[in-house]
Amino acid sequence: MRSILIALFAFFPFLGAFADTEPNDTWQTATALPQDTTVIGTQSEDDWYIITVAAGARVLIDLTFIHAEGDIDIRLYDDSLVASAPQSLFPGSAIRTSISDTDHEFIDRDLSSPALGAGTYYINIDGDGADGNKGNSYTCLLYTSPSPRDCGPDRVFRLLLENGGGGGGGGG
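Everything numeric in this text was worked out from a predicted model, so none of it was measured. (Residues numbered from 1 in each chain as written. Predicted model: local features only at pLDDT ≥ 70, side-chain atom pairs only at ≥ 80, totals over all residues. Heavy atoms only, no water.)

> Outline the side chain of Asn136, supporting the account with residue identities and numerical values.
The topology assignment puts Asn136 in strand 10 (residues 136-145). With a relative accessible area of 1%, Asn136 lands in the buried category. At a separation of 2.9 Å, a polar atom in the side chain of Asn136 contacts the main-chain carbonyl oxygen of Ile66. A polar contact of 2.6 Å, which involves the side chain of Asn136, links it to the backbone oxygen of Gly70. (Helix = DSSP H or I, 4+ residues; strand = E, 2+ residues; numbered from the N terminus. Buried < 20%, exposed > 50% of the residue type's maximum accessible area, 1.4 Å probe, protein only. Polar contact = N/O pair within 3.5 Å; in protein donor to acceptor, adjacent residues only side chain to side chain.)

> Talk me through the sheet that holds strand 4 (residues 47-53); I want residue IDs and the actual numbers.
The mixed open sheet is built from 5 strands, whose spatial order is 2-4-9-6-7. Sheet topology places strand 2 (31-32) and strand 7 (94-98) at the edges, where each strand pairs with a single neighbour. In this structure, strand 6 (residues 72-77) lies alongside strand 9 (residues 119-127), joined through 6 bridges in antiparallel fashion. By the bridge assignment, Ile74 is partnered in strand 9 with Ile125. (Pairing = 2+ DSSP bridges.)

> Describe in detail the pattern of salt bridges, supporting the description with residues and values.
Two side chains bearing opposite charge may form a pair once their charged atoms approach each other closely. Throughout the structure, instances matching the rule amount to 2 salt bridges. Taking the shortest distance from any N to any O, the salt bridge between Asp126 and Arg75 comes out at 2.8 Å. With Asp126 in strand 9 and Arg75 in strand 6, the pair connects residues that are 51 residues apart, well separated along the chain. There is no split in this pair, since Asp126 and Arg75 are both buried. (Salt bridge = Lys/Arg side-chain N within 4 Å of Asp/Glu carboxyl O.)

> Account for the side chain of Asp73, with residues named and values stated.
Tracing the backbone shows Asp73 in strand 6. Salt bridges are absent for the buried Asp73, whose nearest opposite-charge side chain, Arg75, sits at 4.5 Å. With near-sequence residues (within four places) excluded, Asp73 lies in contact with Leu63, Ser98, Ile99, Ser100, Glu105, Asn124, Ile125, Asp126 and Asp128. (Lys, Arg positive; Asp, Glu negative; His and termini not counted. Contact = heavy atoms within 4.5 Å.)

> Tell me about unusual backbone geometry, and name the residues and values.
For Asp36, which is not glycine, the phi torsion reads 55° and is therefore positive. Here Asp36 lies in the loop between strand 2 and strand 3 (37-43). The exposure class of Asp36 is partly exposed, given its relative accessible area of 24%.

> Explain the environment of Gly127 residue by residue, including any values.
Counting through the fold element by element, Gly127 comes out in strand 9. Taking the C-alpha atoms as reference points, Gly127 and Gly70, separated by 57 residues in sequence, lie 7.2 Å from one another.

> How would you explain the environment of Tyr138 if you had to name every residue and give the values?
Mapping Tyr138 onto the fold places it in strand 10. For Tyr138, a relative accessible area of 0% gives the class buried. For the pair formed by Tyr138 and Thr42, sequence separation is 96 residues and the distance between their alpha carbons is 6.0 Å. Among the polar contacts made by the side chain of Tyr138, one reaches the side chain of Tyr49 at a distance of 2.8 Å.

> Would you mind going over the packing of aromatic side chains in detail, with residue names and values included?
Taken as a whole and assessed by the stated rule, the structure comprises 3 aromatic pairs. Measuring from centroid to centroid gives 5.6 Å for Trp27 and Tyr122, while their planes differ by 80°, and the two rings are edge-to-face. Here Tyr122 lies in strand 9 and Trp27 lies in the loop between strand 1 (17-19) and strand 2, a separation of 95 residues in the sequence. Of the two residues, Trp27 and Tyr122, neither departs from the other in class, the shared state being buried. Taking 5.3 Å as the distance between ring centres and 40° as the angle between the ring planes, the aromatic pair formed by Trp48 and Tyr77 counts as tilted. With Trp48 in strand 4 and Tyr77 in strand 6, the pair connects residues that are 29 residues apart, well separated along the chain. (Phe/Tyr/Trp six-rings, centres within 6.5 Å; stacked < 30°, edge-to-face > 60°.)

See the structure below:
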């Protein structure tokens, strides 16, 4: 799966791949990400990212890695504790998690409810237990949609084709 995502970046440069930057080991030092981007990183400690989404948005986070090289999980947090507890371990409530024993973690979260909505959200990529924090490489594709009905795994691929122009590229 990782090779497919890397190939997508070659064909669809608008996705904008970013390398994981340190320090981003806490939510207070989170790396800001633009919408519709990709992060290529190494998970040897917690990696935190911060995103800002518009009203009525939906967020998809697609994380791929090789599980045999170390387990990695993802969590999406709101910012409910940022103002009241700026030194807490977490920025707010975990509103969605993806924890499995596979090479793939995926979050699809509709943020259009009044309780969530537009604003700042945090993504935490972390190693799980004895199998985590081993320096495993990962690719994380972040996609935000202005409308919940505009999103979904099939829709994301169609949007990549529509916005990227399809075909071409490659070579070397």
